[in-house]
Amino acid sequence: MVLVRILYAFIAVAGLGMLLGAGLAFASRFLSVRKDERIAALEAVLPGLNCGACGYAGCASYAAAIAGEEASLTLCAPGGEDAAKGISEIMEVEFNGTIEKKVPQVHCRGGQGRSEYEFDYFGIKDCNALYALLGGNKVCKFGCLGLDSCIQVCPAGAIDYDSESLIWVDKEVCIGCGKCVEVCPTGVMRWIPYSADYIVVCNSTDKGARVRKYCSVGCIACKICEKKSPEGGYKVEDFLSKIDYNTEGERKSGAEACPTKCIVRNDRHPKK
Amino acid sequence: MTYIGIIITFVFISNFILTQFLGLCPFIGVSRKMDSAVGMGFAVIFVMSMAALATWVIYHLILVPLSLEFLQTMTFILIIATLVQFVEMVIQKISPPLYKALGIYLPLITTNCAVMGIALIAVRSNYSALESFIAGFSAGVGFLLAILVMSSIREKLDTEWVPKPFRGIPIAFITAGLMALAFMAFDKALLKNLLG
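In this section: the overall build of chain B. Scanning chain B for helices and strands turns up nine helices and zero strands. Element order for chain B, N to C, with α for helix and β for strand: α-α-α-α-α-α-α-α-α. Relative to its full complement of 196 residues, chain B shows a buried share of 46%. Taking all contacts inside chain B whose residues are at least 6 apart in sequence as the whole, residues at least 24 apart take part in 79%.

Summing up its helical and strand segments, chain A has ten helices and eight strands in all. Residues counted as buried form 43% of the 272 residues belonging to chain A. Of all intrachain contacts in chain A linking residues separated by at least 6 positions in sequence, the fraction that spans at least 24 positions is 56%. A total of about 15000 Å² of accessible surface is found on chain A, and carbon and sulfur atoms cover 55% of it.

Here the focus is the pairing of strand β6 (residues 234–237) of chain A. Residue and element names in this part refer to chain A. Burial along β6 is one-sided: Tyr234 and Val236 are buried, while Lys235 and Glu237, pointing the other way, are not. Where β6 meets strand β7 (residues 240–243), four bridges bridge the pair, whose relative direction is antiparallel. Across the sheet, the residue bridging to Glu237 is Leu240, located in β7. Hairpin connection of β6 to β7: two residues between the antiparallel strands, including Asp238 at a positive phi of 55°.

A grouping of Tyr3(B), Leu53(B), Leu130(B), Phe133(B) and Phe137(B) is seen on the molecular surface, where their side chains present a nonpolar patch of about 410 Å² in accessible area. Looking at which element gives the most residues to the nonpolar patch, the answer is helix α7 (residues 129–159) of chain B, with three residues.

Within the largest apolar cluster, 56 residues are counted, with the highest numbers of intra-cluster contacts made by Phe10(B), Phe16(B), Leu18(B), Phe27(B), Met40(B) and Met48(B). Looking at this core, the elements with two or more residues in it are α1 (2–30) of chain A together with α1 (2–13), α2 (24–29), α3 (34–63), α4 (72–94), α6 (113–124), α7 and α8 (169–183) of chain B. Excluding its chain neighbours within four sequence positions, the residues that come into contact with Met40(B) are Pro26(B), Val30(B), Tyr105(B), Leu108(B), Ile109(B), Phe143(B) and Ile147(B). Core analysis: the next-biggest nonpolar cluster, separate from the first, contains 33 residues, Ala158(A), Val188(A), Tyr234(A) and Cys262(A) among them.

On the chain A side, the residues contacting the 20 residues of chain B number 18 residues. Where chain B meets chain A, there are zero salt bridges. Counting every contact that joins chain B to chain A gives one residue pair in polar contact (both at pLDDT 80 or more). Sorting the residues of the side of chain B that touches chain A by element identifies α3 and α4 of chain B as the ones contributing at least two each. The residue inventory of the side of chain B that touches chain A, partitioned by class, reads twelve nonpolar, five polar and three charged.

For the rest of this paragraph, the subject is the confidence of the model for chain B. Residue and element names in this part refer to chain B. On average, residues of chain B carry a pLDDT of 87, and 97% of them reach 70 or more. Model confidence for chain B, summarised as mean pLDDT per element, is weakest for helix α5 (residues 96–102) at 74 and strongest for α7 at 93. Overall fold confidence (pTM) sits at 0.59, and the ipTM for the predicted complex is 0.73.

A few words now on the packing of aromatic side chains. Residue and element names in this part refer to chain B. Here the structure, examined in full by the defined rule, presents seven aromatic pairs over all chains. Between the aromatic rings of Phe10 and Phe16, the centroid separation amounts to 6.2 Å while the plane-to-plane angle is 40°, which identifies the pairing as tilted. Accessibility assignment for this pair places Phe10 and Phe16 in one class, buried. Aromatic pair Phe12 and Phe186: ring centres 4.8 Å apart, planes at 35°, arrangement tilted. Here Phe12, found in helix α1, pairs with Phe186, found in the loop between α8 and α9 (188–195); they are 174 residues apart in sequence, far enough to count as distant. Classification of Phe12 by relative accessible area gives partly exposed; the value is 30%. Classification of Phe186 by relative accessible area gives partly exposed; the value is 27%. By the ring-pair criterion, three or more aromatic residues cluster together here, those being Phe10, Phe16 and Tyr127.

The next point concerns the side chain of Ser241(A). All names here are of chain A. Mapped onto the fold, Ser241 is located in strand β7. Classification of Ser241 by relative accessible area gives buried; the value is 1%. With near-sequence residues (within four places) excluded, Ser241 lies in contact with Val200, Cys219, Cys225, Tyr234, Lys235 and Val236.

Residue and element names in this part refer to chain A. Counting through the fold element by element, Asn137 comes out in the loop between α5 (127–132) and α6 (149–153). Here Asn137 falls in the buried class, since its relative accessible area comes to 10%. With 16 residues separating them along the chain, Asn137 and Tyr121 place their C-alpha atoms 6.6 Å apart. Excluding its chain neighbours within four sequence positions, the residues that come into contact with Asn137 are Tyr117, Glu118, Phe119, Tyr121 and Leu130.

Attention now moves to the side chain of Asp206(A). All names here are of chain A. Looking at where Asp206 falls in the secondary structure, it is placed in the loop between β5 (198–200) and α8 (208–214). Using a relative accessible area of 17% as the deciding quantity, one classes Asp206 as buried. Here Arg210 takes part through its side chain, which lies 3.5 Å from a polar atom of the side chain of Asp206. Among the polar contacts made by the side chain of Asp206, one reaches the side chain of Tyr214 at a distance of 2.8 Å.

Below, the discussion takes up the pattern of salt bridges. Residue and element names in this part refer to chain A. For the structure shown, the criterion picks out eight salt bridges over all chains. Residue Glu256 pairs with Lys252 through a salt bridge whose shortest N-O separation is 3.8 Å. With Glu256 and Lys252 both in helix α10 (residues 252–257), this residue pair falls four residues apart, about one helical turn. Assessed through its relative accessible area of 44%, Lys252 is described here as partly exposed. Shared partners join several salt bridges into a network, and the residues in it are Arg109, Arg114, Asp162 and Glu164.

So, how was this worked out
Residues numbered from 1 in each chain as written. Chains lettered and ligands numbered in written order. Predicted model: local features only at pLDDT ≥ 70, side-chain atom pairs only at ≥ 80, totals over all residues. Heavy atoms only, no water. Helix = DSSP H or I, 4+ residues; strand = E, 2+ residues; numbered from the N terminus. Buried < 20%, exposed > 50% of the residue type's maximum accessible area, 1.4 Å probe, protein only. Contact = heavy atoms within 4.5 Å. Areas by Shrake-Rupley, 256 points an atom, 1.4 Å probe, with all protein chains shown as cover. Pairing = 2+ DSSP bridges. Patch = residues over 30% accessible without salt bridge, like charges linked within 9 Å, V, L, I, M, F, W, Y side chains within 5 Å. Salt bridge = Lys/Arg side-chain N within 4 Å of Asp/Glu carboxyl O. Core = buried A, V, L, I, M, F, W, Y, C linked by side-chain atoms within 4.5 Å. Polar contact = N/O pair within 3.5 Å; in protein donor to acceptor, adjacent residues only side chain to side chain. Nonpolar A, V, L, I, M, F, W, Y, C, P; charged D, E, K, R; others polar. pLDDT = per-residue confidence, 0-100. Phe/Tyr/Trp six-rings, centres within 6.5 Å; stacked < 30°, edge-to-face > 60°.

As structure tokens, this is what we get:
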């Protein structure tokens, strides 16, 4: 008797499942809608990282938006120029511009021993949590907090602590999605061109005398870089030197003359 | 009178979100913007009424005659998932604008506990086919009501100053909790007073 009931149950569920499955199979054949073939082609061109840098939920929805002519063709940061070219071919649009690859970088080299700290932090390991507490445990409120929020959020694994236990982005691995820029509370993670040769690793807009008190590698706005490399695009604004990467001039002598050594070559790699 | 009783019960007294705490995932996830909340609300109304009706049919025509009531959970999952997929296909074929409005929300609720909940509750309450349908419809309306109120509050909250640790999801949950407190005013005694 029990066996019969088990058999009934088995037949009922299996039969129902088969019936519904067959129904769906038929329905999908009769009710199929011809999809835009370009969408599949676009998805093949896009890198498939689903990083969301374009502002859409993923590569598939960006492809659909392109095919529906709702989105710009050049929004894919990881794909860069190759993706833009592929998209333009599929959409039969002329593409002759160039897209310069940009990568974010940590504009701070102040860690233990170089920067002054206000207090010891033992809270959860998250930059935004630390930042909510008096803007961080450093005296400098502009620098890298040194926790691993950007490392956690990076889909490419491009960010890590380097040999000096400071956070650094590996520009070879970086896909340029910008998630670390979004998550960083101090704004020390800033965009630079992939081709940038030198980088001013300071984000402090405090006056030079104050920076000198709390950090040994901060920009003190002495303007020596401006004077030594007049063609290099160095510009001191708000007591912080910034490089205009549109200028092609020589930057080496300005970097080497920096008294706090806060202009460094952009060829570091995080330790593996 | 019982139909009105069912409607009041499922829209207010046992509102799926605010008193039974079913379907919280779309409630928090899709209540950011008013228009997507409305889209989700209507998709839920649609799926819940259809699911309540379809599960009633299968339960009373297949499971009860074979005395296999214990299989209800499993078969209901099967039916609801199939039904939603089927409905999605039909809408996509017949009405692209409606598909654009509801389409992206439909797959989200194939396996939603609120839809499953209404099917099981309707069976447990021994409702007739029409009563099940009405129960499903009004539970959906209750969902729409809750998510609509929630989304309008959240749109306002976006422009307000909220303490940093509470921004985003935390303040949404606190808001939902306060709304649930307000909905405690609707109880069975109210229904008795209303319907005598």
